[in-house]
Amino acid sequence: MRKAAGRIVEKLRLHGHEAFFAGGWVRDFLLRRKPKDIDIATSARPEQVQEMFPGARPVGARYGVVQVRLYGHPYEVVTFRSEGPYLDGRHPSTVTFTGPEADARRRDFTINGLFYDPAAEKVIDFIRGRADLKHRIVRTIGNPEERFAEDHLRMLRAVRFACALEFDIHRATADAIRRHGAAILKVSGERIRDELLKILADPARTRGLDLLHETGLLKHILPEVEAMRGVAQPPEFHPEGDVYTHTRLALGLLRKPSPILALGTLLHDVGKPPTFAVKERIRFDGHVELGAEMAENICRRLRMSNEEITGVKDLVLHHLRFMHAHEMRPSTLRRFISLPRFEDHLEMHRADCLAGHRSLDSYHLCRRKFEEMKKEPEPPAPLITGDDLIALGYQPGPLFGKILEEVEDLRLDGAIATREEALTHVKDRFAVQRGGGQAQGGNDGTV
């Protein structure tokens, strides 16, 4: 990747233009981190870049951004620019193509404003970025009030960089975030989502959560999580402390979580603050169902996809079912373990337990059953089908599904094993009403 990007720089210079590696690649290179992409900043105008690189396409022509593909990898080539006032909290009202120093000074943070000359192997630093890298500081370039007014998302990005790099946020930068944090709500939900999920999936995610609280951003983007602070829990089940303390611990105990698992863990007890009550002890009656509803609303606010919303909501909705695993019938346990993405449910339960009472009995049981199920051959065909019920004289309707589910549960529990046993059970258990009526369950009401 570096060699190919160097060839782009070389070609730009052969045509008389300045060109350097820019931004995040330089930061990561100096920190000895593995860079993801290389952006190139140049004095060449977008149309000149396109002339030099056939097949290059503009991806932000107004801002001087052209994508060049070399050896199958895309590189963004960006013209040096300065920017006019940001009137909408995201986009500059005007763009003027300039030189490298002006381009460096319009960027967000000093650690992102460095250039690198690949030919001379030299860092070009107009904004004291190297010093801030050395001292492990995230600092805005210039006045933080102005930088955050230009793009409100930069406040959240400051937290993300401090989290990912294990840096501190400069005092003046952090103070400006605290003063203007409410402006983050002017940013679209999807932009907030992208930054937030990166923070939550980062190895240093608990520090990221701390920084969100300390800068005041958490109460604006996730007030439901901020509300967990100070909400007491029964000490016999949660010796670690309040709901927030427990949630923070559980989040940190996850092993390489996906963004969905991390967010689900952050929200797994989100229903506790509004259901807090003291009776014979502290109780949170109905917090799971309410929490699942709240989690869904939060995900929609963050413009997550339907699949992502379902993933987070299911983690919240099912997280207490583990406590009943030892008492479940085999069929019920099997259906529970068959939930989509059950590995995520297992991992969240493990972290949830370790962040509280620390007993992993239910985790080990479900883990063992889950591994056993994975080794099983394809599940056998159902003992009976809807066609069999029709042949017996039952009329299709809502009860069909209940009959077939009951038969399958009995098979999983080992109570029946053959088609004949299944048909006999159905005839004994469910009466047939002639004349188009629905089949009715027996008198015991166990359907």
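Whatever comes next refers back to the structure up there.
Residues numbered from 1 in each chain as written. Predicted model: local features only at pLDDT ≥ 70, side-chain atom pairs only at ≥ 80, totals over all residues. Heavy atoms only, no water.

## Here's the deal with the overall build of the protein
For the record, the criterion: A helix here means a DSSP run of H or I that spans at least four residues, while a strand means a run of E at least two residues long, and both kinds are numbered starting from the N terminus. For each residue, the accessible area found with a 1.4 Å probe, counting protein chains only, is set against the maximum for its type, and the residue is called buried under 20%, exposed over 50%, and partly exposed in between. Contacts are assigned to residue pairs that have any heavy atoms within 4.5 Å of one another. Positive charge is attributed to Lys and Arg, negative charge to Asp and Glu, and no charge count is given to His or to the chain ends. Just so you know, the charge point we use is NZ for Lys, CZ for Arg, CG for Asp and CD for Glu.
Of regular secondary structure, the protein possesses 23 helices and 15 strands. Along the first, second and third principal axes, the C-alpha set of the protein runs to 90 × 55 × 40 Å. Within the protein, buried positions represent 49% of all 447 residues. Long-range contacts, defined here as pairs at least 24 residues apart, represent 63% of the contacts in the protein between residues at least 6 apart. When the 69 positive and 65 negative side-chain charges of the protein are each reduced to one mean point, those points stand 5 Å apart.

## Here we look at helix α7 (residues 153-165)
Helical geometry note: an α-helix holds 3.6 residues per turn, so side chains three or four residues apart project in the same direction. Selection rule: Multiply 1.5 Å by the residue count of a helix minus one, and that product is the helix's expected span.
Compared with the 18 Å implied by 1.5 Å per residue over 13 residues, the 18 Å span of α7 between its first and last C-alpha is a close match. Of all 13 residues in α7, 11 are buried, a share of seventy percent or more. Taken together, the buried positions of α7 are Leu 153, Arg 154, Met 155, Leu 156, Ala 158, Val 159, Arg 160, Phe 161, Ala 162, Cys 163 and Leu 165. The first or second residue beyond α7 is Glu 166, which carries a positive phi of 60°.

## Comments concerning the packing of aromatic side chains
Heads up, the condition is: Centres within 6.5 Å are what make two rings of Phe, Tyr or Trp a pair, Trp counting through its six-membered ring; a difference in plane orientation under 30 degrees is then read as stacked, over 60 as edge-to-face, and the rest as tilted.
Applying the stated criterion across every chain, the model contains 15 aromatic pairs. With 6.4 Å between their ring centres and 40° between their planes, Phe 20 and Phe 80 make a pair best called tilted. Taken together, the residues span a long stretch of sequence, with Phe 20 in strand β1 (residues 19-22) and Phe 80 in the loop between β5 (73-79) and β6 (81-83) at a distance of 60 residues. In this structure, Phe 20 and Phe 80 share a single accessibility class: buried. Each ring, one from Phe 115 and one from Phe 126, has its centre 6.4 Å from the other, and the planes form 75°; the classification is edge-to-face. Of the two residues, Phe 115 sits in strand β8 (residues 115-117) while Phe 126 sits in the loop between β9 (122-124) and α5 (129-134), which places them 11 residues apart along the sequence. Through a chain of ring-to-ring contacts, the aromatic side chains of Phe 20, Phe 80, Phe 115 and Phe 126 assemble into a single cluster.

## Digging into the sheet that holds strand β3 (residues 57-60)
Condition: Two strands qualify as a pair provided that DSSP identifies no fewer than 2 bridges between them. Think of each axis as a best-fit line through the C-alpha atoms, taken over the contacting stretch in the case of a helix, with angles from 0 to 180 degrees between the N-to-C directions.
Within the open sheet, the 7 strands sit side by side as β3-β4-β5-β2-β1-β8-β9. Their pairing is mixed. Each edge of the sheet is formed by a strand with only one pairing partner; in this case those strands are β3 and β9. Direction aside, the axes of adjacent strands within the sheet are offset by 35° on average. Across 4 bridges, the pairing between β1 and strand β2 (residues 39-42) is antiparallel.

## A few points about the nonpolar core
Inclusion rule: In these notes, a set of buried Ala, Val, Leu, Ile, Met, Phe, Trp, Tyr and Cys residues joined through side-chain atoms within 4.5 Å is what counts as a nonpolar core.
Counting 91 residues, the largest nonpolar core has Leu 12 and Ile 40 as the members making the most contacts within it. Of all the elements, α7 adds the most residues to this core, at 9 residues. Leu 333, Ile 337, Cys 353 and Phe 370 belong to the second largest nonpolar core, which has 16 residues in total.

## Topic: unusual backbone geometry
Even without a glycine there, the phi angle at Arg 136 is positive, about 55°. You can see Arg 136 is positioned in the loop between α5 and β10 (137-138). The backbone phi angle of Arg 358 is positive, close to 75°, even though this residue is not glycine. Along the chain, Arg 358 falls in the loop between α19 (342-354) and α20 (361-375).

## Details of the pairing of strand β4 (residues 65-70)
Bridge count between β3 and β4: 3 bridges; the pairing is antiparallel. The residue of β4 that forms the bridge with Arg 57 is Gln 67. With 6 bridges connecting them, β4 and β5 associate as antiparallel partners. Bridge pairing in β5 links Arg 69 to Pro 74. Here β4 folds back onto β5, and the loop between the two strands holds 2 residues, one of which, Tyr 71, carries a positive phi near 55°.

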